[in-house]
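Coordinate analysis (summary)
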Amino acid sequence: MFQISLTKILVAYLVIILVMLFGVWLIREWARKRREKKERRHRFVCNICGGTYEDKTRKDITECPDCGALNERVWLSDL
Ligand SMILES: [Zn+2]
C-alpha cells in the first residue's frame, strides 16, 4: 500500500477548504447580483427632481410621488 505524507494531507485539506470557500463566494456573489438586478427593475430616478422611488407595476411610464412628473422606465444594462 502506498504511503501519504502529512504534508500532502495538509495541502489536500487546504485545497479542499479553498475550493469550498471559492464556491460559497461564487454562490453569494451570484445571489447578490440577481437580487440587485431585481431591485433595479423597480427603481426609478425622477428626471425633474432627481428623487428615487420604487414602482412595482409593469407600466413603462410612472409618476414621481414627490413632484408628480412622469418618468419613463429606462432599462439599465449591467456594467
Ligand atoms: Zn420628481
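Rules of the game
Residues numbered from 1 in each chain as written. Predicted model: local features only at pLDDT ≥ 70, side-chain atom pairs only at ≥ 80, totals over all residues. Helix = DSSP H or I, 4+ residues; strand = E, 2+ residues; numbered from the N terminus. Rg over C-alpha atoms; globule rule 2.2 N^0.38 Å. Buried ≥ 20, exposed ≤ 12 C-beta atoms within 10 Å, placed from the backbone. pLDDT = per-residue confidence, 0-100.

A closer look at the overall build of the protein chain
When you go through the protein chain residue by residue, the secondary structure sums to one helix and four strands. Ordered by position from the N terminus, the helices and strands of the protein chain form the series α-β-β-β-β. Its C-alpha atoms give the protein chain a radius of gyration of 24 Å, more than 25% over the compact-globule value 12 Å for 79 residues. Taken across its 79 residues, the protein chain has 1% of its residues classed as buried.

Structural notes on the confidence of the model for the protein chain
Mean pLDDT over the protein chain: 89, with 92% of residues reaching 70 or higher. Of all helices and strands in the protein chain, the one with the weakest mean pLDDT is strand S1 (residues 43–45) (87), whereas helix H1 (residues 6–41) scores best (95).

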